[in-house]
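Read off the chains here:
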Amino acid sequence: MKQMSHIDHDIPSTPGKFKMEKSSYMNRIRWHYSSLAKLTFWSFVLFLGLILVFFFKSPTSTSSPLPSDLSRRSLRTYSWGGPAWEKRVRASSRTRSRNGLSVLVTGAAGFVGTHVSAALKRRGDGVLGLDNFNDYYDPSLKRARQALLERSGVFIVEGDINDIALLKKLFEVVAFTHVMHLAAQAGVRYAMENPSSYVHSNIAGLVSILEVCKSANPQPAIVWASSSSVYGLNTKVPFSEKDRTDQPASLYAATKKAGEEIAHTYNHIYGLSLTGLRFFTVYGPWGRPDMAYFFFTKDILKGKSVPIFEAANHGTVARDFTYIDDIVKGCLAALDTAEKSTGSGGKKKGPAQLRVFNLGNTSPVPVSDLVSILERLLKVKAKRSVTKLPRNGDVQFTHANISSAQRELGYKPTTDLQTGLKKFVRWYLSYYDSGKKSAQ
Ligand SMILES: NC(=O)c1ccc[n+]([C@@H]2O[C@H](COP(=O)([O-])OP(=O)(O)OC[C@H]3O[C@@H](n4cnc5c(N)ncnc54)[C@H](O)[C@@H]3O)[C@@H](O)[C@H]2O)c1
């Protein structure tokens, strides 16, 4: 066993704690060598760090080009490229008719992305998906959606929208006519837990997409998902596209608002045709587990209590719930009416289309009514716990004015909450009650 000498005691564990004046000459020598050893060690660590930075920054077909200050999920590596991969990319993007669209759908393994991709493919358009399959919610649900799309001939490339080399490659292989940009970090409350993931996907990611689109030749037209959350703390209802959007209630909302301003810039400077869609609380089969209608269903079935938020003075919290099929019709109509971008090779040639539309249902429903409908459909009484609406991102109500989308897109939602939830519950029970999966 090692004997502890007083010299050992005098050697500091951290340099700042060392008291020079009390030490002997020998101590000084030992300290000198120990400092040298530490200096060598830290130089080595620094050197290793520099190598890693260089490695992650260099373009390669197995790439993770992401800044290291971002979410832990963004540090994953993806492999892409090669003749077989390019063949799959081309086949998936091929249109069935001469004037069909060839669409790059980002966030294709997500809730809305899956439905939009399937609908485009069904009508004969070429569709290529892109998704990083992050674990914000159960990735196995994303994989199941991927399998669904694969059966209808849609290939989802696994990668991050910040991967410029990958995006460039995709545009080299396919001359996409349109980009349906749905990839984003969704959810208002999670922004307090992981704010950088919102900056990464909703701001930096959007800029990456627009940078590559602006340089593409021909430039595609872009339709992308903004959000009703940009109306923030507004009290005038219904929310109109002409209303102010400068008081967001969450970082999520702020990143979507920033996205709208960024879209304006790329339209103005580069002639990109850009359409932003402000979705209002989308729900339906294959939905998102972090949304109330989804986890209320899970909790009611498990006999757990369901939090029903109440605003100040017993104010009702309500949402303009919009069924996924209505949203899909709005997305397709936005793609179909999108004019061509006017620039080429990064240069603007003339003014281009710039639009923003509300896609909602125009009939807000109190959250307590949502629970009543679920109780009837599930045939289980919910344990309700009325809770004060926390000030962490949620707003008291949303209500869309859709006259602009009606006029210009022919958008007309047709599914009420009762009908839509019935379809959701049927899907939920068959997906989770098959015994193979359990809702996380
Ligand atoms: N569902 C709604 O109620 C709603 C409401 C308003 C706005 N939106 C917007 O609509 C879009 C689609 O929403 P959703 O409900 O389908 O969400 P979702 O989370 O199910 O889908 C988003 C997909 O994008 C992927 N993704 C996230 N960051 C990425 C990145 N950096 N690179 C590549 N892929 C990435 C995720 O893995 C996910 O599969 C989002 O932009 C969202 O902000 C949705």
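Criteria and thresholds
Residues numbered from 1 in each chain as written. Predicted model: local features only at pLDDT ≥ 70, side-chain atom pairs only at ≥ 80, totals over all residues. UniProt positions renumbered as here; feature names shortened; annotations may be inferred. Axes fitted to C-alpha atoms, helices over the stretch in contact; angles between N-to-C directions. Helix = DSSP H or I, 4+ residues; strand = E, 2+ residues; numbered from the N terminus. Parallel < 35°, antiparallel > 145°, perpendicular 65-115°, else oblique. Contact = placed C-beta atoms within 7 Å. Nonpolar A, V, L, I, M, F, W, Y, C, P; charged D, E, K, R; others polar. Buried ≥ 20, exposed ≤ 12 C-beta atoms within 10 Å, placed from the backbone. Core = buried A, V, L, I, M, F, W, Y, C linked by C-beta atoms within 7 Å. Pairing = 2+ DSSP bridges.

By the naming in an unreviewed UniProt entry, the protein is UDP-glucuronate 4-epimerase, taken from Rhododendron williamsianum. Check the Catalytic activity (unreviewed entry) section of the UniProt entry for the protein; it says "UDP-alpha-D-glucuronate = UDP-alpha-D-galacturonate". Annotation of the protein in UniProt includes, under Sequence similarities (unreviewed entry), the sentence "Belongs to the NAD(P)-dependent epimerase/dehydratase family."

(A) Quick look at the packing of helix H4 (residues 111-122) against helix H5 (residues 139-151). Packing of H4 against H5 brings their axes to within 10 Å, and their N-to-C directions diverge by 5 degrees. By the criterion of interaxial angle, the relationship of H4 to H5 is roughly parallel. Residues Thr114, Ser117 and Ala118 of H4 lie in contact with H5, whose contacting residues are Arg145, Leu148 and Leu149. Classifying every residue of the contact of H4 with H5 by side-chain character gives three nonpolar, two polar and one charged.

(B) The arrangement of unusual backbone geometry in detail. Look at the link from Asn217 to Pro218: it is a cis peptide, with omega at 5 degrees. With omega at -10 degrees, the peptide bond leading from Val237 into Pro238 counts as cis. Summarising the element assignment, Pro238 is placed in the loop between strand E7 (221-227) and helix H8 (251-270). Despite not being glycine, Thr281 has its phi angle at roughly 25 degrees, a positive value. Its location among the elements puts Thr281 in the loop between strand E8 (274-279) and strand E9 (282-283).

(C) How the structure looks around the environment of Gln185. Of note, Gln185 is situated in the loop between strand E6 (178-181) and helix H7 (195-215). According to the C-beta neighbour criterion, Gln185 is buried, with 24 such atoms within 10 Å. Spatially, the C-alpha atoms of Gln185 and Val199 are 8.6 Å apart, while their sequence positions differ by 14 residues. Setting aside residues no more than four positions away along its own chain, Gln185 makes contact with Tyr136, Ser197, Tyr198, Ser201 and Asn202.

(D) Representation of the nonpolar core within the structure. One finds Val103, Met180, Val223, Cys331 and Leu335 to be the most contacted residues of the largest nonpolar core, which totals 102 residues. For this core, the element with the most residues is H7, which contributes eight residues. In this structure, Cys331 is in contact with Val116, Met180, Val223 and Leu277, ignoring residues within four places of it in sequence.

(E) Main features of the sheet that holds strand E5 (residues 155-158). One open sheet holds the seven strands; their spatial order is E5-E4-E3-E6-E7-E8-E14, and the pairing between them is parallel. Whereas interior strands pair on both sides, the edge strands pair on one side only; in this sheet they are E5 and strand E14 (354-359). Sheet twist, expressed as the average angle between the axes of neighbouring strands with direction ignored, equals 20 degrees. Examined bridge by bridge, E8 and E14 share six bridges and lie parallel to one another. In the strand pairing of E14, Leu277 is matched with Phe357. The strands touched by helix H3 (residues 83-93) are strand E3 (102-106), strand E4 (126-131) and E5; relative to E4, the strand with the most contacts, the crossing angle is about 125 degrees. The strands that H4 touches are E3, E4, E6 and E7; relative to E4, the one it contacts most, it runs at about 165 degrees.

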